[in-house]
Amino acid sequence: MGNNGCAPWQRLHSRMIWVDLVQSVLSLAPAGLAVWMFGVDPRGGGLWPLLAVAASGVIGAVSDALRWIFTRYRVTDQYVERRSGVLVRSYRSVRRDRIRSVDIEAKLRHRLAGLRVVNIGAGQQAAAGESALALDAVSAKDAEQLRHLLLRRGSVSPSTLDVDVPTADDVAHLAVADGAADEQVLARFRPGWVVYNMLNIWAYIMALGLLWGGYWLADSFGIDVVGVARDTLDWEVLGWGWTIGIGVLGVSALGVIGLATNFFAEHWNFELARVPGEHGTMLRTRQGLLRTREVNRDDGRMRGVQIAEPVLWRWMGMADTTVITTGLSIWSMSQPTAILPRGPIGVARPVTAAVLATEPNPLEVPLRRHPSAALRRRLWWATAITATVVGMLGWLAAHDVIPAATLWAGVALGPVAFGAGVIAFRALGHAIAGEYVVFRSGLVSRATAALQRSAVSTIAIRESLLQRRLGLNTVSAMTAAGHGIYEAPDIAADEAIRFAADTATGILDPFLITASDQDVADAVDRREPG
Amino acid sequence: MTVQTPSASAIRLRPPHNRIERRAILWWTLQSLALFGPILAGTVVAYVQWDSARSWLIALLIGAALLTMVSVVIEPWWRYAVHRWETTDEAVYGLTGWLVREWRVAPISRIQTVDAVRGPLEQLLGLATLRVTTASSRGAIEIAGLDADVAAEVAERLTTITRQTPGDAT
C-alpha cells in the first residue's frame, strides 16, 4: 500500500457532470424533433431507432454521472490508486515502476469540454483494448502533468525540483512543456495520403452500412426513401444497365467518401517522433481529430520493421509500415504496431531508414533472387488446384447438380492461378544486411521484413516432397517479436543451409559438417565393419 | 565443430544422432486407427444402408479407405525412419515429419519451458513427448516417441542447464 498517507484522494474533473447533462439532452433531441417538428406519430412503430438512441443516451449519461460521484484516485510515491464502483466497490492500484505507457485520449464530448481520458498501461497485452487503469476524465492540463509525472521523462527542465522520485506534491509544479527539444520528428500528416486509404473493398461495406443507417433514420422521420429514389431515377426510361451502373457508382462514391472521412478523423495531425523515455528512446505516434490517440513504443523492445505492399495497388506505391516488436499485440484492432498510416512507399522507405538507423539500411539492400525451381513449384501447385477444381465441378456436372457451363469457370481459374504463381515467385527475396536479416514474400501483400539476427530464437528448415524433387528448402526464423515467425520460402538447398546458419548466429554451427568432414566420416565407417 | 568460411557449397546439415523408440510405430498406428477407423466404418455403413446416395458415397468411401490405409500402414514406418533428436549443452535439435520434413534447432538460452507430456496411448506404451517452448509462440520443438524415462531425464537435464544459462530468453 502507498506509504505516503498524506496524498489526498482526488475526484475526476467536475465538468464531466455537465458533459453528461448535455449528452442526455442531445440524445433526446432527435426523438423530440421527429415528434414536434415532423409530426411523426409517437405511437407508431417507425420511431423506435430514435427512441433507442434517446434511451441509450440518457441511461449512459446517468450511469456515467453515478460513476463520477463514486470514483476517487490518487498518485503516491509508489502507486497510482483508484477507488470506484456504485454497487460493487473496486480498488485498483498500479505500481509506478511498472508503468510502460500513458496514453491520452479525447472523444469529441471530452474535447469540447477541455477534458481528457488518461489510459495507464503497465505492459499487459493490449489485445482487449484494456489499460491497467483508466481515468475518465481529467482536465487537459492535469492529463499532461500526470503523464510527465508517471513517465518521468529523461530530459527535465530546470524548473523542476531536484528529487529522485517526484512526489505527488510536484504534480502541480511540473512544467508541461519540457523535453520538447529532444524530440525528433520522423513523419507528419499529409492530406495526400487520403488517396491511399480511400481505395479499398471496405468502401462497399461502409457504403452499405451508411445506406442502411440512412434508410432507418429517414424512415423514422417519416420519409419514404424508396419512393423518392423511384421518382428521381426513372428506370423505365434508363433501362436495366444504366440503372445498375448508376447504382453501383453511387454506392462506390458513398463508400469512398465515407472512407476518406474516416481517414481524416482518425489520422488528422498525425505525427511520428522519437522521444526520450525513461529507459531510452521511444517511438511515439499521435493522431486523431475527434479522438486523439497516442502510442509510445519502447525502442529497446523493437526488433525490426516491415513494409507490406498490397499487390493490386503496387502501381500506386501503396505501403503499410509496421514495427516488429515484443510487447504489442499485432492482432489488436487499433494496430499499435503501425507507425505510419497507409501511404506512399516514397515516405515509408526514408521513415523506416530513420527508425532503424543502421548502416547498411536493410530495406535498401538488393535481395537475392530465388531459383527458378521456386516458380516451377508454384506452377505445379496452380495446375493441381485448377485440376482439382475442374475435376470436382466435372463430377458435380456429371451428376447434374450444376449446369455444365460452370466447368468453364473452373477452366478460367487456370490462367488466374498461373498468374498468381508468377506474381508470388517474383515477390520472393532474402538477404543478410549487417546485423539484420531481410525476408520478402507474399502474394496478396508483398511484405519485406527486416529482423535483427540476435532476435532469432528457433531456426527451422523445411522440405516437402515436391521441394525435394526440385532441390528447394524453406527457412523459417522464429522470434518472440511481431508475427513470431518469418519465412524465406523455396531457397536452393545448399544456399538454404548457409542462409539459415547466417541468420541464426551460431545456433546451427555445431550441427553443420563440411564435405571433407563427411568424406572422413564415410571412410571411418567403411574401415570399421559392422 | 565450427564452420569456416563456406567455400563453394560444401556445408551440409547433419541429422541428429538419436533415433526414437521402435514402440512409436505401434503408437502412431494405434492413433491413426482410432482416428480413421470410425470414419471408415461410418462411411461403409452409410454406403451399405443408403442406396440412393451410393454414387456420392462411393467417392467418400474411396477417399476414406485411402486415407486410412496410408495413415495406418505407411505413415508410422516412414515417420520412424525420419524422426531423430539430439540435445547438446547449447541447443535442442529435432528432425520430424514424413511428407514434409523439418529440421528444427532451438538454443537453450531461449528456452522458457520444458515438458514431458504423455497421452493415454503413450502411457500404455511407456512413451512420452518432449516439448520445449521458447518466448516465440511459434518456436516450440516437440520430440514425440521417446521412452518415458529418457524423456524425463532429458527434461530434467535441460531444466538444469536452462537455469544456469543467463539471459532473459526473449
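Enquirer: Hey, could you run me through the confidence of the model for chain A in this one?
Expert: Residues shown with low pLDDT carry predicted positions that ought not to be read at fine detail. Residue and element names in this part refer to chain A. For chain A, mean pLDDT is 83; residues scoring 70 or higher make up 85% of the total. Strand β16 (residues 436-441) holds the highest mean pLDDT among the elements of chain A, 96, whereas helix α14 (residues 515-527) holds the lowest, 59. This model gives residues 153-179 a pLDDT under 50, and the stretch forms 41 contacts once residues within four places in sequence are excluded.

Enquirer: How should I be thinking about the sheet that holds strand β10 (residues 280-287) of chain A in this particular structure?
Expert: Two modes of strand pairing occur in sheets, parallel and antiparallel, and in both the strands are linked by backbone hydrogen bonds. Residues and elements named next belong to chain A. On the basis of which strands lie adjacent, the open sheet formed by four strands has the order β8-β9-β10-β11 and antiparallel pairing. Where the open sheet ends on each side, the last strands, each with one partner, are β8 (184-188) and β11 (293-298). Along the sheet, successive strands turn relative to each other by an average axial angle of 25°, direction set aside. Where β10 meets β11, six bridges bridge the pair, whose relative direction is antiparallel. Paired with M282 across the strands is D298, a residue of β11.

Enquirer: Before we go on, may I ask you to explain the interface of chain A and chain B in this structure?
Expert: Many analyses report the size of an interface as the accessible area lost when the parts associate. Contacts between chain A and chain B engage 30 residues on the former and 33 residues on the latter. Those elements that provide at least two residues to the side of chain A that touches chain B are β18 (456-463), β19 (472-479), α13 (493-503), β21 (512-514) and α14 of chain A. At seven residues, β18(A) tops the list of elements feeding residues into the side of chain A that touches chain B. For the side of chain A that touches chain B, the residue count by class is 16 nonpolar, nine polar and five charged. In the sheet, β18(A) pairs with strand β5 (residues 101-107) of chain B via five bridges, with the strands oriented antiparallel. Looking across to β5(B), one finds that A:I461 is bridged to B:W103.

Enquirer: Where do I start with the domain arrangement of chain B in this structure?
Expert: Residue and element names in this part refer to chain B. Domain annotation for chain B reports domain 1 (19-80) and domain 2 (84-164). Taken over C-alpha atoms, the centre of domain 1 sits 29 Å from the centre of domain 2. For the side of domain 1 that touches domain 2, the secondary structure elements donating two or more residues are α1 (23-49) and α2 (54-82). Here the side of domain 1 that touches domain 2 gets six residues from one element, more than from any other, and that element is α1. Among the residues forming the side of domain 1 that touches domain 2, the class breakdown is six nonpolar, one polar and five charged.

Enquirer: How should the domain arrangement of chain A be read in this particular structure?
Expert: Domain annotation for chain A reports domain 1 (10-171), domain 2 (193-267), domain 3 (271-356) and domain 4 (375-511). One C-alpha centre belongs to domain 2 of chain A, the other to domain 4 of chain A; they are set 39 Å apart.

Enquirer: For this particular structure, what's the right way to read the pairing of strand β3 (residues 84-87) of chain B?
Expert: Each regular strand shows side chains that alternate between the opposite faces of the sheet. Residues and elements named next belong to chain B. The side-chain alternation of β3 yields one buried face, formed by W85 and T87, and one unburied face, formed by R84 and E86. Where strand β2 (residues 18-19) meets β3, two bridges bridge the pair, whose relative direction is antiparallel. What sits directly across from N18, in β3, is W85. Pairing geometry for β3 and strand β4 (residues 91-96), over four bridges, is antiparallel. Following the sheet pairing, T87 is matched in β4 by V92. Here β3 folds back onto β4 in antiparallel fashion, the turn holding three residues.

Enquirer: Teacher, can you tell me more about the nonpolar core here?
Expert: Here is a general trend for soluble globular proteins: nonpolar side chains tend to be buried in one another's company. Counting residues in each nonpolar core, the largest one holds 88 residues, and the members touching the most others are A:L451, A:I459 and A:A500. Looking at which element gives the most residues to this core, the answer is α13(A), with five residues. Apart from residues lying up to four places away in sequence, A:I459 is in contact with A:A477, A:A500, A:T503, A:A504, A:I507, A:L508 and B:V105. With 17 residues, the next largest nonpolar core counts A:M16, A:V80, A:A143 and A:L146 among its residues.

Enquirer: Teacher, can you tell me more about the pairing of β10(A) here?
Expert: Here seven bridges tie strand β9 (residues 271-277) of chain A to β10(A), and the two strands are oriented antiparallel to one another. Following the sheet pairing, A:A273 is matched in β10(A) by A:R284.

Enquirer: Could you clarify how one ought to interpret unusual backbone geometry in this entry?
Expert: Residue and element names in this part refer to chain A. For the bond from D136 to A137, the omega torsion is 5°, close enough to zero to count as cis. You can see A137 is positioned in strand β7 (residues 133-139). Of note, the bond from E359 into P360 is cis; its omega dihedral lies within 30 degrees of zero at -5°. Here P360 lies in the loop between α9 (345-356) and α10 (372-398). Notably, D400 is not glycine yet its phi reads approximately 65°, a positive angle. Tracing the backbone through its elements, the reader meets D400 in the loop between α10 and α11 (406-426). Despite not being glycine, T505 shows a phi value in the positive range, around 40°.

Cut-offs and rules
Residues numbered from 1 in each chain as written. Chains lettered and ligands numbered in written order. Predicted model: local features only at pLDDT ≥ 70, side-chain atom pairs only at ≥ 80, totals over all residues. pLDDT = per-residue confidence, 0-100. Helix = DSSP H or I, 4+ residues; strand = E, 2+ residues; numbered from the N terminus. Contact = placed C-beta atoms within 7 Å. Pairing = 2+ DSSP bridges. Axes fitted to C-alpha atoms, helices over the stretch in contact; angles between N-to-C directions. Nonpolar A, V, L, I, M, F, W, Y, C, P; charged D, E, K, R; others polar. Domains from an automatic or database assignment. Buried ≥ 20, exposed ≤ 12 C-beta atoms within 10 Å, placed from the backbone. Core = buried A, V, L, I, M, F, W, Y, C linked by C-beta atoms within 7 Å.

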